[in-house]
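A look at the structure
One letter stands for each residue in the lines below.
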Amino acid sequence: MAMLRRRKASPPADDHSSASAVGSSIKEEVGEKKQAKAPEKGGKGRWSCLDNCCWLIGVICSVWWLLLFSYKAMPASLPQYVTEVITGPLPDPPGVKLQKEGLRAKHPVVFVPGIVTGGLELWEGHQCADGLFRKRLWGGTFGEVYKRPLCWVEHMSLDNETGLDPPGIRVRSVSGLVAADYFAPGYFVWAVLIANLARIGYEEKTMYMASYDWRLSFQNTEVRDRTLSRIKSNIELMVSTNGGRKVVVIPHSMGVLYFLHFMKWVEAPAPMGGGGGPNWCTEHIKAVMNIGGPFLGVPKAVSSLFSAEAKDVAVARAIAPGVLDSDFLGLQTLRHVMRLTRTWDSIMSMIPKGGDTIWGGLDWSPEESYECSPKKQKNNDSHASSNGDGEMVGCQSQSVNYGRIISFGKDIAETPSANIEQNDFRDAVKGNNVAHSNVSCREIWTEYHELGWAGIKAVADYKVYTASSLIDLLNFVAPKMMQRGSAHFSHGIAEDLDDPKYMHYKYWSNPLETKLPNAPDMEIYSLYGVGIPTERAYVYKLSPSAECYIPFQIDSSANGGHEGSNLQGGIYLANGDETVPVLSAGYMCAKGWRGKTRFNPSGIKTYIREYDHAPPANILEGRGTQSGAHVDIMGNFALIEDIIKVAAGATGEELGGDQVYSDIFKWSEKVNLHL
């Protein structure tokens, strides 16, 4: 300011120069003041990225601890009270309801878990697994996947040649009910059913979890672990210690196929079988209540073996192209998944069985297509009607050919078969690939590295694959895997079941190549969910780069063009439980075993019980009590009620016989199978 006063007092020289001088002086003085204040302001007001991160972490931790404290401090009845305020009164759990009606424990029950739901623990490992003795590698918290992923993959893989333990590694199934009650903390599998059975008097002496190493071929569980022998001994013990009452067996998912194998094994003479004789099943088993059974296989087993993909993986690849395949940070996720799962022989038990006769060909398929819309929630009623006011009718008939399980391109999936020119791949010469000399490729070995560019092109040029040609496709792209698997599983249809070759164990898990036991008093149920879009066929394309990559991937850009279309993200969807299509879960009990047939010579009674899916009404209901999803159905009140009634002595007729919401009987009639 003093400077300004001095300038005002001096005689003006030039108006413009004077104004410029004053302006520059003001700017200089203001600049000096800003510079003088800057350290003070910066010291108090600057907000760095680190401050933001610390603040965010602090907020998250504070909220987490507040919620945890509130959860621990709140009365146990509060969550149920809030849920009832929102959705109305909750019904009694099935165990409580049936206990009030006077039902009590009667027949011992045997649980047979499916693939991936049973816990596996380490008994011997390499140096990288120090400190993990008898710690779970599969199930539980899965902590080792994050801490030492490559070590985990190494120990969860089986030997590529034998299908058994690699040298120096022993991973075994967890025993007891805890083996599969929860898959992970808070994620139930068998826990809800076990708790409801306990309500009417069941306890560990009348419940048995037939856990097994689900990675192995079924016969190898006996070769390595004597699992089939232990199941036989435990069932015999339960029958003898419970007044001669026969057991009710409850297999889930792949456990359905495993127990089908067991029923043939237990009657077959030693050393291949258990030596129980032809009457063992009729003397020890009251009923087999199969939940979500992939009797005739599942198409997603093909996509898993072919490209290590399913619906969720295809979506992830579309959102972040190349991430799951890339060498960035050495992840190579899909190749690790393929390397791992291609050593699990059990997956080959779920390749679609019966060929085009069951699954359809180039121009036909048993099912009609469905255009499925989301469903509204139902009220809290364990036996809600499938067409009640609370549900949106979501399916309309739409023409599509599901018989083309793999098509290279959406146009091929829709083109009339007469216009498709196929170049046979079976005799194609497999070419060399640069991947042979790539170190990272050799470390993550898959048989695609030996297929070469010529082989990849031959596969794509065949254009479309049905259930019959799928076996040839897998033999072409993964010959070593299929050679190992073909010694344990078969996927055809028997012409003459009296042929001595069908006494071999490789046929025992295929219901189309084996007879049911001679047990006319036994009952077989097929219990499964419906009303959920389920993978049935795929649209594929070549990956952008095939060197050291999985060369094929689901074309997630292929869509039906309108909301509710059955083609979504390169996958044709049909009715099912999200994993197993209705055709696979229901056909055998609807037709193949219904009455006396060549597959069921003693006329065992069969029943279908479908459970129409209804999602939970709100987040407080968790996974819901009316779910038809493949695993969540284990908490379905209606299903649990049916199981408890049979375990307490009821028959299929007393349950009400068949309960069907789908067109399974209509579809079954379209299958031209000699019975």
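Residues numbered from 1 in each chain as written. Predicted model: local features only at pLDDT ≥ 70, side-chain atom pairs only at ≥ 80, totals over all residues. Heavy atoms only, no water.

**Things to note about the overall build of the protein**
Assigned secondary structure in the protein consists of 25 helices and 19 strands. Looking at the protein residue by residue over its 675 residues, the buried ones come to 53%. Considering only contacts in the protein between residues 6 or more positions apart, those separated by 24 or more positions represent 75%. (Helix = DSSP H or I, 4+ residues; strand = E, 2+ residues; numbered from the N terminus. Buried < 20%, exposed > 50% of the residue type's maximum accessible area, 1.4 Å probe, protein only. Contact = heavy atoms within 4.5 Å.)

**Topic: the pairing of strand E15 (residues 532–542)**
Strand residues, when the strand is regular, have side chains that alternate between the two faces of the sheet. The buried fraction of E15 is high, at 8 of 11 residues. Two strands pair when backbone bridges link them, and strand E12 (residues 406–408) and E15 are joined in this way by 3 bridges, in the parallel orientation. Along E15, the bridge assignment pairs Phe408 with Tyr540. Relative to strand E18 (residues 571–576), E15 runs antiparallel, the two being bridged by 6 bridges. Paired with Thr534 across the strands is Ala574, a residue of E18. By the bridge criterion, 3 bridges tie E15 to strand E16 (residues 552–554) in an arrangement that is antiparallel. Across the sheet, the residue bridging to Leu542 is Phe552, located in E16. (Pairing = 2+ DSSP bridges.)

**Description of unusual backbone geometry**
For the peptide bond that leads from Ala270 to Pro271, omega is 5 degrees, which places it in the cis range. Within the fold, Pro271 resides in the loop between helix H11 (254–267) and helix H12 (280–284). Within the chain, Arg134 stands out as a residue other than glycine whose phi angle is a positive 60 degrees. Within the secondary structure layout, Arg134 lies in the loop between strand E2 (120–124) and strand E3 (136–138). Arg134 gets classed as partly exposed once you look at its relative accessible area, which sits at 46%. One non-glycine residue, Lys463, lies in positive phi territory at about 80 degrees. Along the chain, Lys463 turns up in the loop between helix H19 (452–462) and strand E13 (464–465).

**Quick word on the pattern of salt bridges**
The tally for this structure, following the rule as stated, stands at 23 salt bridges. For Asp213, the salt bridge goes to Arg215, with nearest N and O atoms at 2.8 Å. Look at Asp213 and you get buried, because its relative accessible area is 0%. Overall, the relative accessible area of 1% leaves Arg215 in the buried class. The closest approach of N and O atoms between Glu535 and Lys300, which form a salt bridge, is 3.9 Å. Separated by 235 residues along the polypeptide, Glu535 in strand E15 and Lys300 in helix H13 (residues 299–307) bring together distant segments of the chain. (Salt bridge = Lys/Arg side-chain N within 4 Å of Asp/Glu carboxyl O.)

**What to know about the side chain of Ser307**
Along the chain, the position of Ser307 falls in helix H13. Among the polar contacts listed, one links the side chain of Ser307 to the side chain of Tyr540, at a separation of 2.7 Å. (Polar contact = N/O pair within 3.5 Å; in protein donor to acceptor, adjacent residues only side chain to side chain.)

**Describing the environment of Lys205**
Within the secondary structure, Lys205 sits in the loop between helix H8 (191–199) and strand E7 (207–209). In this structure the C-alpha to C-alpha distance between Lys205 and Leu237, which are 32 residues apart in sequence, comes to 9.8 Å.

**Quick notes on the sheet that holds E3**
Taken in spatial order, the 3 strands of this open sheet run E3-E2-E4, and their pairing is antiparallel. Across the chains shown, the open sheet's two edge strands, defined by having one partner strand only, are E3 and strand E4 (170–173). Geometrically, the sheet is characterised by an average inter-axis angle of 45 degrees between neighbouring strands, direction not taken into account. Where E2 lies against E3, 2 bridges are found, and the strand directions are antiparallel. When the bridges of E3 are listed, Glu121 appears paired with Arg136. This element, helix H7 (residues 149–156), spans E2, E3 and E4 of the sheet and lies at about 80 degrees to E3. (Axes fitted to C-alpha atoms, helices over the stretch in contact; angles between N-to-C directions.)

**Digging into the pairing of strand E8 (residues 247–251)**
The buried count for E8 comes to 5 of 5 residues, which makes it a mostly enclosed element. Both strand E1 (residues 109–112) and E8 contribute to a ladder of 4 bridges, which runs parallel. Bridge pairing links Phe111 to Ile250 in E8.

**Notes on the packing of aromatic side chains**
The full count for this structure, using the stated rule, is 29 aromatic pairs. The interplanar angle of 45 degrees and the centroid separation of 5.1 Å between the aromatic rings of Phe111 and Trp190 together place this pair among those described as tilted. You can see Phe111 sitting in strand E1 and its partner Trp190 sitting in the loop between strand E6 (187–188) and H8, a full 79 residues away along the chain. Taking 6.2 Å as the distance between ring centres and 45 degrees as the angle between the ring planes, the aromatic pair formed by Phe408 and Tyr540 counts as tilted. Taken together, the residues Phe408 in strand E12 and Tyr540 in strand E15 connect sequence positions 132 residues apart. Taken together, the ring pairs connect Trp138, Phe142, Trp152, Phe183, Tyr187, Trp214 and Trp344 into an aromatic cluster. Sitting over the face of the ring of Tyr187, Arg623 holds its NZ or CZ atom 3.7 Å from the ring centroid. Here the basic side chain of Arg623 rests over the ring of Phe188, its NZ or CZ set 3.8 Å away from the ring centre. (Phe/Tyr/Trp six-rings, centres within 6.5 Å; stacked < 30°, edge-to-face > 60°. Lys NZ or Arg CZ within 6 Å of the ring centre and 35° of its normal.)

**Quick notes on the sheet that holds E7**
In spatial order, the strands read E7-E1-E8-E9-E14-E19; together these 6 strands make up an open sheet with parallel pairing. Every interior strand has two partners, whereas the edge strands, E7 and strand E19 (605–612), have only one. For this sheet, the mean inter-axis angle between neighbouring strands, taken without regard to orientation, is 15 degrees. Of the strand pairs in this sheet, strand E9 (residues 285–291) and strand E14 (residues 523–530) are connected by 5 bridges, and their pairing is parallel. Its bridge partner lying in E14, Ile291 is registered against Leu527. Along the sheet, H8 contacts E1, E7 and E8; its crossing angle with E1, the most-contacted strand, is approximately 175 degrees.

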